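Residue-level structural notes
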Amino acid sequence: MDPGRGEWSLYGGFVEENESLDDAANRVLFQLTGLKDIYMKQVGAFGAIDRDPGERVISIAYCALINVNDYDESLLKEHQVEWVNLEDLPKLYSDHNDMVKKAITLLRRRISSEPLSFNLLPDLFTLTQLQHVYEAILSENIDKRNFRKRIKTIEYIEKTDQIDKVTSKRGAALYRFNKEAYMEDPIFKL
């Protein structure tokens, strides 16, 4: 739509009269991907006076963690939306690049204190799979031994007695996220 027709931008929508900001973000995400109950956090408000040459526009940006195997690809085609690798991110309309940068910063800060990665993993996962999620979010390689040592100290990551023989030649131990242990952490108790 004008202004900005023909330019790359983030996908968005308008808040309807009888919905909250979070409800609107969830509705737009569902319309775009067919997914519900996805980890989504508000990134921030963007409201510079001159951010849109057409009229005064305030945007509330959200980021969501989506497993690329889960979304409905036909919806992306219907809305003419594409996934873009962060390293190949083009110049986006208005301040949308700033929204992306702020979202990445938010995720990178939270990956160490919140179980974000579990939104992208199967119920049972290997430590290698978990490390790959951390590396993707942090955009850096992590030393395998130090990563495993640190992960084994986290009480809400449980080793199971099951072995993955599909993706691992030697058979890797499978782990799971223990939501109760995470919620029992003293930071959640008032």
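The structure this text deals with has already been given above.
Predicted, not measured: the structure shown is a model, and the values here were computed from it. (Residues numbered from 1 in each chain as written. Predicted model: local features only at pLDDT ≥ 70, side-chain atom pairs only at ≥ 80, totals over all residues. Heavy atoms only, no water.)

Moving on, we get to empty space enclosed by the protein. Summed over all chains, the structure comprises one cavity of 30 Å³ or more. One number sums up the size of the largest cavity: a volume of about 30 Å³. Forming the walls of the largest cavity are E114, P115, S117, F118, L130, Y134, I154, Y156 and I157. Here the residues of the lining of the largest cavity sort into seven nonpolar, one polar and one charged. (1 Å grid on protein atoms, 1.4 Å probe; cavity = no way out; pocket = protein on both sides within 12 Å on 5 of 7 lines; lining within 4 Å. Points joined across faces, edges and corners; volume = space filled by probe spheres on them. Nonpolar A, V, L, I, M, F, W, Y, C, P; charged D, E, K, R; others polar.)

A word on the packing of aromatic side chains. Scanning the model with the defined rule gives eight aromatic pairs in all. With 5.8 Å between their ring centres and 90 degrees between their planes, Y156 and F177 make a pair best called edge-to-face. Placement of Y156 in the loop between α5 (144-151) and β3 (157-164) and of F177 in strand β4 (residues 172-177) is noted, with a sequence separation of 21 residues between them. Of the aromatic side chains, those joined through ring pairs into one cluster are F118, F125, Y156, F177 and Y182. Sitting over the face of the ring of F30, K36 holds its NZ or CZ atom 5.0 Å from the ring centroid. (Phe/Tyr/Trp six-rings, centres within 6.5 Å; stacked < 30°, edge-to-face > 60°. Helix = DSSP H or I, 4+ residues; strand = E, 2+ residues; numbered from the N terminus. Lys NZ or Arg CZ within 6 Å of the ring centre and 35° of its normal.)

The next thing to look at is the pattern of salt bridges. Applying the stated criterion across every chain yields a total of five salt bridges. Between E19 and R27 there is a salt bridge, with the nearest N and O atoms lying 2.6 Å from each other. Both residues of the pair, E19 and R27, count as buried. Across the salt bridge formed by R176 and E158, the nearest N and O atoms sit 3.1 Å from each other. One end of the pair, R176, is in strand β4; the other, E158, is in strand β3, with 18 residues separating them in the sequence. Via salt bridges that share partners, E16, E19 and R27 belong to a single interconnected network. (Salt bridge = Lys/Arg side-chain N within 4 Å of Asp/Glu carboxyl O. Buried < 20%, exposed > 50% of the residue type's maximum accessible area, 1.4 Å probe, protein only.)

The next subject is the nonpolar core. By size, the foremost hydrophobic cluster in this structure holds 28 residues, and its most contacted members are L107, F118, F125, L130, I151 and I157. Residue assignment for this core shows that the elements contributing at least two residues are β1 (40-46), β2 (59-64), α3 (96-110), α4 (127-138), α5 and β4. Per-element tally for this core: the top contributor is α4, with five residues. When neighbours within four sequence positions are excluded, F118 is seen to be in contact with F125, L130, Y156, I157 and F177. The next biggest cluster of nonpolar side chains, apart from the first, holds eight residues, and it includes A25, L32, L35 and M40. (Core = buried A, V, L, I, M, F, W, Y, C linked by side-chain atoms within 4.5 Å. Contact = heavy atoms within 4.5 Å.)

In this section: α3. Counted at 1.5 Å a residue, the expected span for α3 with its 15 residues is 21 Å, and the 21 Å between its end C-alpha atoms agrees. Residues of α3 that are buried: H96, N97, M99, V100, A103, I104, L106 and L107. Buried residues in α3 make contact with β1, β2 and α4. (Expected span 1.5 Å × (residues − 1).)

To continue, consider a nonpolar patch on the surface. Judged by side-chain polarity, V15, L21, I58 and I60 come together as a nonpolar surface patch covering roughly 320 Å² of accessible area. Within the element layout of this structure, I58 appears in the loop between β1 and β2. Owing to a relative accessible area of 54%, I58 belongs among the exposed residues under this scheme. (Patch = residues over 30% accessible without salt bridge, like charges linked within 9 Å, V, L, I, M, F, W, Y side chains within 5 Å. Areas by Shrake-Rupley, 256 points an atom, 1.4 Å probe, with all protein chains shown as cover.)

The subject of this paragraph is unusual backbone geometry. For D37, which is not a glycine, the phi torsion comes out positive at approximately 55 degrees. In this structure, D37 sits in the loop between α1 (21-33) and β1. When its relative accessible area of 80% is taken as the criterion, D37 is described as exposed. Its identity is not glycine, yet Q80 carries a phi of approximately 55 degrees, on the positive side.

Turning our attention to the packing of α4 against α5. Following both chains from N to C, one finds α4 and α5 inclined at 105 degrees, their axes separated by 11 Å at the closest point. One element, α4, and the other, α5, form an angle in the roughly perpendicular class. Along its contact with α4, which presents L127, T128, L130, Q131 and Y134, the element α5 presents K144, F147, R148, R150 and I151. When grouped by side-chain class, the residues that make up the contact of α4 with α5 number five nonpolar, two polar and three charged. (Axes fitted to C-alpha atoms, helices over the stretch in contact; angles between N-to-C directions. Parallel < 35°, antiparallel > 145°, perpendicular 65-115°, else oblique.)

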